[in-house]
Amino acid sequence: MRTESVTPPGVSLKEEDIEKNRVLSTVYYPKAEYAWATGIAVGRFLSELKSGRIIGTKCSHCGRIVVPPRMFCEWCFKRVGKWVYLPDTGKVNTFSVSYISTDTTRLKTPIIPAVIEIDGTSNAGFLHLLGEVKPEEVRIGMRVKAAWVEPRLRKGSITDIKYFVPE
Amino acid sequence: MRSMNIKKRVAVVGAGMTKFMRRAQETGKELAFEAVRQALDSAKLRIEDIDSVSMGSAPDAFDGVHMKGEYLLDGAGGWRKPYSRAFVGGGTGVFSPIHGWFHVASGLFDTCLVVAEEKMSSCLPHPQTAFLTIFDNMLERPLGPNLIWIFALEMQRYMHVHKIPKEHIAQVAVKNKRNALDHPSAQIARKVTLQDVLSSEVMAWPVQRLDISPVSDGACAVILASEDVARKITDSPVWIDGVGWNLDTTYWTNRDLYFPRYVANAARMAYSMAGIHNPRREIDFAEPYDPFDYKELHHMEGLLLCRKGEAPKLTVEGVTERDGKLPICPSGGLLGVGNPIAAAGMMKICELFWQLRGEAGKRQVPGDVRTAVAQAWGDLMQIGTVVVMRS
Amino acid sequence: MLGIGITQLRRSTPEVSYKELMFEAAIKAYEDARVDPRKDVESFVCSSEDFWEGTSIFDEYVPDQIGGALKPVCTISADGMYGLATAYMQILTGLFDVVAVEAHSKASDIKNLDSIYDLSLDPIYTRPLGLNASFIAGLEMNKFLHSRAAPISSLRRVVAKNRGNALLNSLAMNGAKLDPYELSHSEPISYPLSSHDIAPVADGAAVAVLASEEAARNFRDDPVWIAGVGWSSDSPTLETREWSEATYAKLAARQAYKMARIQNPMQDIQVAEIDDTYSYKELQHAEAIGLAGHSKAHELLEHGDFDRDGTLPVNPSGGSLGMGNTLEMNGLVRVIELALQLRGEAGAHQIHGVQTGVAQSWRGLPTTSGAVIVLSNK
């Protein structure tokens, strides 16, 4: 029987216990590096981004047009072979205004991540950022257009689109 | 082709839990040991009585140990036993008992020790930084995302579709942090007011600091046993009558985040197994996963405990208070007790165990509680793991 | 086992992503099982470890390419044989009739494998020593050879046998015709371990479809049956290890044989696919799972008993030494190779007339964990 008088075990430390060496600690810097093969679908997507175009795929079975492209339809479980060029416009499905960066430091100027549903797809979109817009002016459903990096500076990365701006 | 012809009944016969702390002095192995020790003592069992062990622990990146399931196993009681680790992100805490359930319900083992452990504090500068690597390696990481983004994007969508004011959501944080004052393992239980939550620092709008559960170290363990063995160990076994889990597509940007359909699928699977036809009426209380306040509401709807969009209203009306008609997170949840990812889900299983045996002390839900549901959620807003327990 | 799908093992697969590789194996398995994963497969169990993939919570990225979207899918942090054991348990509970199991390796995406192994070592006691993780295999190999009074030449024979077997396996990457004597001059890694003792890593993907007895008969007349499963873990801590014995394999085999009602493995087992990530492991595991008496494995090996035409062929597929080391997929490769043998579909490396076999896996350095599966035609 568990009674309320049982104190759960565990010794809680404060940050200064570690800083002031009151407890022993050891530090290690992992070196985990990968070079992922982008494969057929994402490989093509990225090289099209380099050319300033967004490409998706269409499942011949159910007719869904999706982005990011994939060589299989997850709903029909069939091979997908049709490529479809898509406009670089769409609408905001959801967004946030972020005051923290990846390493949790505070940002003075917030960034605006959003899921952008690309025109011409079956309600499919991808994660990206919004730019050249005031946070308080962003709305779900707002129409946006891609702002591309200069062609010669593109690398074949999702960041070849700088961000999406209000159309 | 669903056969659903469950051959063996499985019960929880013991549970144990450490404190949930921002930074534990104990190593991961020691945390696991403490929880297992407590669980064994509570059931008056020895490690020799355990036939198999199932471990649940979330990303290896926190501990900086690859294959950390292997590393933790001696602390978790796995030495020279059939030991394995299931890992479904945040859903792990409720999936590991399901994995344990497979061990016993299959007839392969009479007992299974299920342990969930998390030592997030090892990761510097902040455990949250490890979460960068949950995003898509090719298309998302280059954008420099932060874990909070996912929650913010989902919360925004949920609020938009149902037109929910922030105040209603913030009520959940107030309730759970208050409930947690009665939980001995609670990390930062304190009374916060609605105003405190609404004026806390904005992290990624609409998420503010007090909407978020704290990062923690901690461990929990439960012991499962087959029916005959369970009855020899205790007079009040708590039965696992329903299990369910469901994983949605990786392509989260191709789905509408306002409703967790995968939680609903998992819940239907568990309710079907448990013979529950009207969850709103047949469930006495629930412990849905609440890493953020809006998640409790999102999951209440996913668990089919109320209609889509109705959860905030029930909260504001007090229905989900401990003495309400449908208590939600009487434990104090992750918001109140702490969020050591996998152990947090297991904390809910432990809570169901203690509540259904009348052993929850000051947290005890009044009245005759017989049936309860625990749920966890994880991956990229993808997995729902559900367990229905009955006394 | 209803369906099997496995891609060829290769040193690298730059033209496809991990998703596309998994999809290929899945398509093959579902064709072989004659099932539609969207309708007939009720649950999916994947095996993976985050740091092999370079992604945390890798479970997020599995469902779509194996047909599991919006279905019960889970990930086991262990090798494919453990995944198979979980799927097996799921079916025995009565919850499902048809479950798919998946494992893969994209080792070629990892830039420096050694630094990942380093990450698996105990951060407090072992990492500060600054040793390459293969030292653990060196220590164990030394102790093993010493305790068995076995000559190191017997290990060269293991390598030559397995890589020779691999020449007849179209799935294998590392087949070669070797003179064991030549191997005595190969590059030392961590005495007494040399480079030839270590299976090179490979890419690949595999999916297997399991079904309950009732359901299986709807799809195939000749499924191969899982007769027994077992798995076990010994000490992860180097300092409390028994260095010469593979106790985890012994305990796992005990459980599996008990279920399969096998009392004398040396007689009842007709073919074995066991872990040989390091050459000495094949002998250590063979003894641990009862295919040879204690300290006798190297004698049986030298006598030719473990050869393809011997009394108890071990690793006719070539093992990991011959096929390639596919990290968490190894366990599933061993079971699949065994199943192909029992089905009579092993092609050029077929051992004829086998009815019962055992597959065994080891999770690799620095673990002492592994699983055993017994398959049978009866």
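The rules behind each value
Residues numbered from 1 in each chain as written. Chains lettered and ligands numbered in written order. Predicted model: local features only at pLDDT ≥ 70, side-chain atom pairs only at ≥ 80, totals over all residues. Helix = DSSP H or I, 4+ residues; strand = E, 2+ residues; numbered from the N terminus. Buried ≥ 20, exposed ≤ 12 C-beta atoms within 10 Å, placed from the backbone. Contact = placed C-beta atoms within 7 Å. Domains from an automatic or database assignment. Pairing = 2+ DSSP bridges. Nonpolar A, V, L, I, M, F, W, Y, C, P; charged D, E, K, R; others polar.

Before going further, it helps to spend a moment on the overall build of chain A. Looking only at helices and strands, chain A features two helices and eleven strands. What you see in chain A, going N to C, is helices and strands ordered as α-α-β-β-β-β-β-β-β-β-β-β-β. Sorting the 167 residues of chain A into buried and exposed places 37% on the buried side. Pairs at least 24 apart in sequence give 50% of the contacts found in chain A among residues at least 6 apart.

The next subject is the domain arrangement of chain C. All names here are of chain C. What the domain assignment reports for chain C is domain 1 (3-106 + 204-219) and domain 2 (135-191 + 224-376). Summarising the inter-unit geometry, the C-alpha centres of domain 1 and domain 2 are found 24 Å apart. Contact with domain 1, which involves 25 residues of that partner, is made by 26 residues of domain 2. Among the elements that line the side of domain 1 that touches domain 2, the one with the most residues is helix 3 (residues 80-93), at six residues.

Take the pairing of strand 10 (residues 143-148) of chain A next. All names here are of chain A. One ladder, built from three bridges, connects strand 6 (residues 89-95) with strand 10; its direction is antiparallel. Counterpart to Lys-91 in the pairing with strand 10 is Arg-143. Pairing between strand 10 and strand 11 (residues 161-166): five bridges, direction antiparallel. Looking across to strand 11, one finds that Ala-147 is bridged to Tyr-163.

One frequently used descriptor of interface size is the decrease in accessible area upon assembly of the parts. Of the residues lining the interface, 55 residues belong to chain C; the matching set on chain B comes to 54 residues. For the side of chain C that touches chain B, the secondary-structure elements that each account for two or more residues are helix 2 (50-53), strand 3 (73-76), helix 3, helix 4 (113-119), strand 8 (225-233) and helix 8 (247-260) of chain C. The dominant element in the side of chain C that touches chain B, judged by the number of residues it contributes, is helix 3 of chain C, at six residues. Of the residues belonging to the side of chain C that touches chain B, the class tally is 23 nonpolar, 20 polar and twelve charged.

Contact with chain A, which involves 19 residues of that partner, is made by 26 residues of chain C. The biggest single contributor to the side of chain A that touches chain C is helix 2 (residues 39-50) of chain A, with three residues. Residues belonging to the side of chain A that touches chain C are distributed by class as follows: 13 nonpolar, three polar and three charged.

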